[in-house]
Amino acid sequence: MVAAGAAFRVLAMIGYSPGFWFFGDSTIYVNGAYTHVPNPSRPYGYSFVLSVLSPLHSVRLIIGLQHLLGLAVAILMYAFLRRRDLARWLATIAVAPILLDARTVLLEHFLIAESLFIALLVGAVIALCWSERPGWWAAAGGGTLLAAAALTRTIALPLVVVVALYLLVRRAGLLRVGAFAMAFAIPLAGYAVWYEHHHGTYSLGTFTGRFMWARTMSFVDCAKVHNLTARERQICPPEPLGERRAVDLYIWSRASPAAKFQKREHDAMFASFARKAIMAQPLDYARTVAVETWFMVRVGPDPDDRYSCFDQLWSFPTAGLTNCQPIMAPEDIATRREGVNGSEHRTALTGPLHTYSQVGTLPATFTALCLLLAIAAPLVRRWRRVAQDRRDVIDGLFLTGVAFGMIVISVATSVMEPRYTVPSIPLAAMGAALALRRGHRARAPEPTLTPAAAPAEQIAA
């Protein structure tokens, strides 16, 4: 299976060399690698890695390392599942998604943070779940890796609460919970101090308020939000409900009300608007999150045409498509700008890889099904009071719950975008495999009787 995953990645590197570039995100990450200044909209974690790799002067090598990182994550997952006594075939099935999923490999081929984030997140949860009772060093290591994940993509920030609760349920002890919390908090506090040095405020990124403001554009009715200031009313959506644009356009479009308030001094105003809108219309906000989460995990195409571009953007491109598709990266990140449109990059492999991405991409439905399996597995079998079985149930619910929770968080704080569901795949797969383990535990070898251990009558015979 690893060989198949490696072959897939080699084909991607041959078919789309040197790699892909994603509009503003890649620009922000690459610029940060050279300016060494934290960006308000994207944390610096991935930029730091690019700064270390920039002396290579080769995007091709950077993309290759990201593909190797994806393979390493799959091997780590397999080692973890085998340590938990899963049968080889079940452990192999569990790692197949990260090895063969087209969108996972596609994201590794981009100059964006997802591949690094997945590796850090998987490493964090495996460190915490590796032993029956994690030691303080494992708890501290998990906290450090989760902090690094949060400094790569801020969606990991809310997960600290879930992980702390998991450690308490597992009765890890206050020392271990404290070690985890300290290891998580110290890097984030240091980053906030560094951010304040450059931007004058203690934060991990002041652009978060703008993302939340854009999120409210899909449901807010400014007539119901009575405590808005006169300046905040200037960023109310101009369109009536039912005619609103895609959420991301309110952030990036020049026609957005936000276009008049681009300076960082206005970031607090957007955060204030978002808080007031959600407090005034909590049920509308909850309904929006629930409906759009359902759209993400349901079977079938996205019913919202406003986001149809994302499905093309996060697929391997081919000739003759629209502009909603990846852009080629330059040969050297020092160029700091994108290359040609993906549809203009043609090789013998672009057609087959594009076709595979249409059939070989796991939808978010997979994560939802894994969560349902983790919930149902202990209910449909008789519960035996065996500590190992309870651990599998708890870990399965923890992993699938975190996986599904990240999808909900991404919808609640940003936009329905398929790439935000990819980091959930490895966690969901491991959680579902653990939920199935009780009926498919690897068989221990039969003990061999030695003369010293054999019954006396057998020796006499």
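Quick note: structure is the one above.
Position numbers for residues start from 1 in each chain and track the written sequence from start to end. Reporting of local features is limited, given that this is a predicted model, to residues whose pLDDT is at least 70; pairs of side-chain atoms are given and counted only at 80 or more, and all residues count toward the totals for whole chains, interfaces and linings. Working from all heavy atoms in the structure, the side-chain values ignore hydrogens and water.

(A) Examining the overall build of the protein chain more closely. Under the DSSP-based scheme used, a helix requires at least four consecutive residues in state H or I and a strand at least two consecutive residues in state E, with every element numbered from the N terminus. A count of helical and extended segments in the protein chain gives 20 helices and two strands. Whether a residue is buried, partly exposed or exposed follows from its accessible area with a 1.4 Å probe, protein chains only, as a fraction of its type maximum: under 20%, in between, or over 50%, in that order. With 461 residues in all, the protein chain has 53% of them scored as buried. The contacts of the protein chain with a sequence gap of at least 6 include a subset with a gap of at least 24, amounting to 77%. Of the accessible surface of the protein chain, which amounts to about 20700 Å², a share of 65% is contributed by carbon and sulfur atoms. In this description, contact between two residues means that some pair of their heavy atoms is separated by no more than 4.5 Å. Each accessible area value is a Shrake-Rupley result obtained with a 1.4 Å probe; residue values ignore everything except the protein chains displayed when judging cover.

(B) Looking closely at helix H4 (residues 59-83). Here the expected span of a helix is defined as 1.5 Å times the quantity of residues minus one. Here H4 spans 36 Å end to end across 25 residues, near enough to the 36 Å set by a 1.5 Å rise per residue. Once H4 finishes, Asp 85 follows within two positions and takes phi at roughly 70°, a positive value.

(C) Fine view of the state of the cysteines. The disulfide definition used here is simple: a pair of cysteine sulfur atoms within 2.5 Å. A complete count under the given rule lists one disulfide for this structure. The disulfide that involves Cys 222 links it to Cys 236, with 2.0 Å between the sulfurs. An S-S torsion of about -115° defines the bridge between Cys 222 and Cys 236 as left-handed. Taken together, the positions of Cys 222 in the loop between helix H11 (208-216) and helix H12 (247-252) and Cys 236 in the loop between H11 and H12 put the pair 14 residues apart, joining distant regions of the chain. Here Cys 222 and Cys 236 have matching classes, each one buried.

(D) Examining the packing of aromatic side chains more closely. Ring pairs shown here join Phe, Tyr and Trp side chains whose ring centres sit within 6.5 Å, with only the six-membered ring taken for Trp; geometry is labelled stacked below 30 degrees between planes, edge-to-face above 60, and tilted in between. Following the criterion strictly, the structure yields 22 aromatic pairs and no others. Pairing Tyr 29 with Tyr 46 gives two aromatic rings, centres 5.2 Å apart and planes at 85°, and the pair type is edge-to-face. You can see Tyr 29 sitting in helix H2 (residues 23-35) and its partner Tyr 46 sitting in helix H3 (residues 45-53), a full 17 residues away along the chain. Take Tyr 46: its relative accessible area is 2%, and that puts it in the buried class. The structure contains a cluster of three or more aromatic residues connected by ring pairs, namely Phe 8, Tyr 16, Phe 20, Phe 22, Phe 23, Phe 110, Trp 314, Phe 316 and Tyr 356. In this scheme, Lys NZ or Arg CZ marks a charge over a ring once it lies within 6 Å of the ring centre and within 35 degrees of the ring normal. A cation over an aromatic ring shows up here: Arg 153 above the ring of Phe 117, its NZ or CZ 5.3 Å from the ring centre. Over the ring of Tyr 250 we find Arg 245, and its NZ or CZ is 5.0 Å from the ring centre.

(E) Region of interest: a nonpolar patch on the surface. A surface patch of nonpolar side chains, about 610 Å² in accessible area, is lined by Leu 369, Leu 372, Ile 375, Leu 379, Val 380 and Leu 397. With five residues, the top contributor of residues to the nonpolar patch is helix H17 (residues 365-380). Two distance rules govern patches: like charges are joined within 9 Å, and nonpolar side chains (Val, Leu, Ile, Met, Phe, Trp, Tyr) within 5 Å, applied only to residues with over 30% relative accessible area and no salt bridge. The salt bridge criterion pairs a side-chain nitrogen of Lys or Arg with a carboxyl oxygen of Asp or Glu, the two atoms within 4 Å.

(F) Structural context of the pattern of salt bridges. Under the defined criterion, the tally for this structure stands at 17 salt bridges. Of the charged contacts in the structure, one is a salt bridge between Asp 392 and Arg 84, with a shortest N-O distance of 2.9 Å. With a gap of 308 residues between them, Asp 392 in helix H18 (residues 387-413) and Arg 84 in the loop between H4 and helix H5 (88-100) connect regions that are remote in the sequence. Glu 417 is the salt-bridge partner of Arg 419, the closest N and O atoms lying 3.0 Å from each other. As far as the burial class goes, Arg 419 and Glu 417 line up, both buried. When salt bridges that share partners are traced, they join Asp 25, Arg 42, Glu 114, Arg 153, Glu 417 and Arg 419 into one network.

(G) Geometry of the environment of His 226. Structurally, His 226 is set in the loop between H11 and H12. Judged by its relative accessible area of 69%, His 226 is exposed. Counting along the chain gives 51 residues from His 226 to Ala 277, while the straight-line C-alpha distance between them is 9.4 Å.

(H) Examining unusual backbone geometry more closely. Pro 18 follows Ser 17 through a cis peptide bond whose omega is 5°. With respect to the helices, strands and loops of the structure, Pro 18 is situated in the loop between helix H1 (2-15) and strand E1 (20-21). Although it is not a glycine, Phe 23 adopts a positive phi angle of roughly 30°. Its location among the elements puts Phe 23 in helix H2.

(I) Spatial organisation of the packing of H1 against H4. Direction vectors running N to C along H1 and H4 enclose 165°, while the axes themselves pass 11 Å from each other. As far as their axial angle goes, H4 and H1 are roughly antiparallel. Here the hand of the crossing between H1 and H4 comes out right-handed. Residue-level contacts link Val 2, Gly 5, Ala 6, Arg 9 and Met 13 of H1 to Arg 60, Gly 64, His 67, Gly 70, Leu 71 and Ile 75 of H4. Axis definition: a line fit to C-alpha positions, over the contact stretch in the case of helices; interaxial angles, taken between N-to-C directions, run 0 to 180 degrees. Any angle from 65 to 115 degrees is called roughly perpendicular, while one under 35 is roughly parallel, one over 145 is roughly antiparallel, and all others are oblique. Take the far helix as the reference: if the near one is turned anticlockwise from it by less than a right angle, the crossing is left-handed, and if turned clockwise, right-handed.

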